[in-house]
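# Observations on chain architecture
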Amino acid sequence: MSLPLVLDAPRRGKPPRHLADLDPAQRRAAAVEAGQPAYRADQLSRHYFGRTTSDPALMTDLPTLSRDRLVATMLPALLEPVRMVECDAGATRKTVWRLHDGSLVESVLMRYPDRVTMCVSSQAGCGMACPFCATGQGGLTRNLSTAEIVDQVVRAGGEVDNVVFMGMGEPLANYAAVSRALRRLTEPAPAGLGIGQRRVTVSTVGLVPAIDRLSEEGLQVTLAISLHAPDDELRDTLVPVNTRWKVAQVLDAAWRYAAVTGRRISIEYALIRDINDQPERAHLLGNLLRGKLVHVNLIPLNPTPGSVWTASAPEAETDFVMILRSYGVATTVRDTRGREIDGACGQLAAASVGEEQG
Ligand code: SAH
């Protein structure tokens, strides 16, 4: 009886190579390799990044006979939508995508009056094991390729102004693919999508060597640190990688990033009732952050299924904000877009896995 299970196990091979994995010179080389003139790569890039289409029928500047083959080699399908959920009267849309090997990832599109933000996944699953996060409970399946990351944005159809790496996965644990994705997202068409560097946010648990590496990329992207606790004793339990890089080391790396890039650091802090929301911790955090180029995003905890933790009481949240502001630290409470569709943090993909298996 166990054999069919083995045969059904998803293949974990490499995703097909896609134009978005390559820089413009590599794309031209790939076109030549496919027996085509190099400029076909530029034509395909204009379709993919400029018009956000991968449909050969729309590529009337390409010869009819080789069009399908060119698209199959350079723009293979990477993401198949398996589920789409909308809320906020259609302003928030979450998509669960199936990858070529059966892995599921999700992205969330959020339309605001003045901007459109896409939240992307950088890994299938996550290895960071934060106990309050739905994705963290299932472990890491694999890294996404550059094109698998970029395609989540392209599939929204060119209306995206902001990209945040706050979906599934730890982006800095998939450094090579993520740093290439940052270039594809920000380079002007036809090299990339032309999204402003300052409109892209990389959110991390605090992998110190990777933060330092990101400082040296010559990019102006926003760095967000998922801090969630000001003291090592508590942070060791909420963000287990803290046992490797302590609060002080993570913040020092963040200040180095701010010094090199001139960018304000975002501090993410999920407020968890009676766990990390005490006034003493607000004071500790205020002391750590006072006078720095920083902004605190307080996130009301989105409880994951089966977890005993819940969001802070409204008064505790207000007190926390007031104490931080008394230190001169810019502080806002994040809106809870998409909560009713398992908005954040891998919950919808987790639910879909459950349904597919159940
Ligand atoms: N691995 C990266 C990015 C993905 S998570 C990181 O940790 O930064 C994006 C943000 O959502 C992180 O700040 C994460 O801690 C937070 N988050 C995860 N689960 C949450 C939950 N249940 N409620 C509120 N925020 C959560």
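Right, let's talk about the confidence of the model for the chain for a bit. Per-residue confidence for the chain gives a mean pLDDT of 91; residues scoring 70 or more make up 90%. Note that pLDDT drops below 50 for residues 353–358; the model gives that stretch 4 contacts with residues more than four away or on any other chain.

Helix α5 (residues 146–154) sits mainly inside the fold: 9 of its 9 residues count as buried. By the burial criterion, the buried members of α5 are T146, A147, E148, I149, V150, D151, Q152, V153 and V154.

Turning next to the site of the ligand. The environment of the ligand is made up of 19 residues, and the closest members are F132, S203, S226, H228 and N302. Here F132 contributes a backbone N or O atom positioned 3.0 Å from a nitrogen atom of the ligand. Here an oxygen atom of the ligand sits 2.5 Å away from a polar atom, N or O, in the side chain of S226. Contact with the protein chains hides 94% of the accessible area of the ligand, taken as 530 Å² for the molecule alone.

Okay, the nonpolar core next. The biggest cluster of nonpolar side chains holds 97 residues, and the ones touching the most others in it are F165 and I265. Looking at this core element by element, the count peaks at 8 residues for helix α9 (residues 247–261). Two domains each provide a minimum of three residues to this core, namely domain 1 (19–74) and domain 2 (80–357). The residues contacting F165, other than those within four sequence positions of it, are V120, S122, I149, P171, V178, L182, L185, V200, T201, V202 and S203.

Spatially, 10 strands are ordered β1-β2-β3-β4-β7-β8-β9-β10-β11-β12 in an open sheet, and the strand pairing comes out mixed. Lying at the two open borders of the sheet, with one neighbouring strand each, are β1 (80–87) and β12 (330–333). Neighbour-to-neighbour, the strand axes of this sheet turn through a mean angle of 20°, independent of strand direction. Sheet topology places strand β2 (residues 92–98) next to strand β3 (residues 104–111); 7 bridges connect them, and they run antiparallel.

Right, let's talk about the pattern of salt bridges for a bit. Applying the stated criterion across every chain, the model contains 13 salt bridges. A salt bridge links R28 to D42; the nearest nitrogen and oxygen atoms lie 3.3 Å apart. Of the two residues, R28 sits in helix α2 (residues 24–33) while D42 sits in helix α3 (residues 39–50), which places them 14 residues apart along the sequence. Close ionic contact of R142 with D101 constitutes a salt bridge, the shortest N to O distance being 2.7 Å. Of the two residues, R142 is situated in strand β6 (residues 140–143) and D101 in the loop between β2 and β3; the sequence distance between them amounts to 41 residues. You'll find R142 and D101 in the same group, each marked buried. Beyond isolated ion pairs, a larger network of salt bridges with shared partners links D101, R142 and E148.

On to the environment of D68, then. Mapped onto the secondary structure, D68 falls in helix α4 (residues 64–74). Linking D68 and P56, residues 12 residues apart in sequence, is a C-alpha distance of 6.0 Å.

Consecutive residues of a regular strand have side chains that alternate between opposite faces of the sheet. Counting buried residues in β3 gives 7 out of 8 residues, a clear majority hidden from the surface. Bridge analysis of β3 against strand β4 (residues 116–119) gives 4 bridges, and the strand direction is antiparallel. When the bridges of β4 are listed, M110 appears paired with T117. Taking the residues between adjacent antiparallel strands as the criterion, β3 and β4 are bridged by 4 residues.

This next bit is on the domain arrangement of the chain. Domain parsing of the chain yields domain 1 (19–74) and domain 2 (80–357). Put simply, the middle of domain 1 and the middle of domain 2, counted by C-alpha atoms, are 33 Å apart. With 13 residues of domain 1 in contact, the opposing surface of domain 2 contributes 15 residues. Carbon and sulfur atoms supply 60% of the area that domain 1 and domain 2 bury against each other, a total of about 1000 Å² over both sides. By the criterion of area lost to domain 2, the three top residues of domain 1 are D21, F49 and T52, representing 49% of everything that side buries. Put simply, domain 1 and domain 2 have 8 residue pairs in polar contact (both at pLDDT 80 or more) between them. Breaking the side of domain 1 that touches domain 2 down by element, the ones donating at least two residues are α2 and α3. Counting residues per element, the side of domain 1 that touches domain 2 draws most heavily on α3, which supplies 6 residues.

Scoring rules and cut-offs
- Residues numbered from 1 in each chain as written.
- Predicted model: local features only at pLDDT ≥ 70, side-chain atom pairs only at ≥ 80, totals over all residues.
- Heavy atoms only, no water.
- pLDDT = per-residue confidence, 0-100.
- Contact = heavy atoms within 4.5 Å.
- Buried < 20%, exposed > 50% of the residue type's maximum accessible area, 1.4 Å probe, protein only.
- Helix = DSSP H or I, 4+ residues; strand = E, 2+ residues; numbered from the N terminus.
- Near = heavy atom within 4 Å.
- Polar contact = N/O pair within 3.5 Å; in protein donor to acceptor, adjacent residues only side chain to side chain.
- Areas by Shrake-Rupley, 256 points an atom, 1.4 Å probe, with all protein chains shown as cover.
- Core = buried A, V, L, I, M, F, W, Y, C linked by side-chain atoms within 4.5 Å.
- Domains from an automatic or database assignment.
- Pairing = 2+ DSSP bridges.
- Axes fitted to C-alpha atoms, helices over the stretch in contact; angles between N-to-C directions.
- Salt bridge = Lys/Arg side-chain N within 4 Å of Asp/Glu carboxyl O.
- Buried area = accessible area lost by both parts, 1.4 Å probe.

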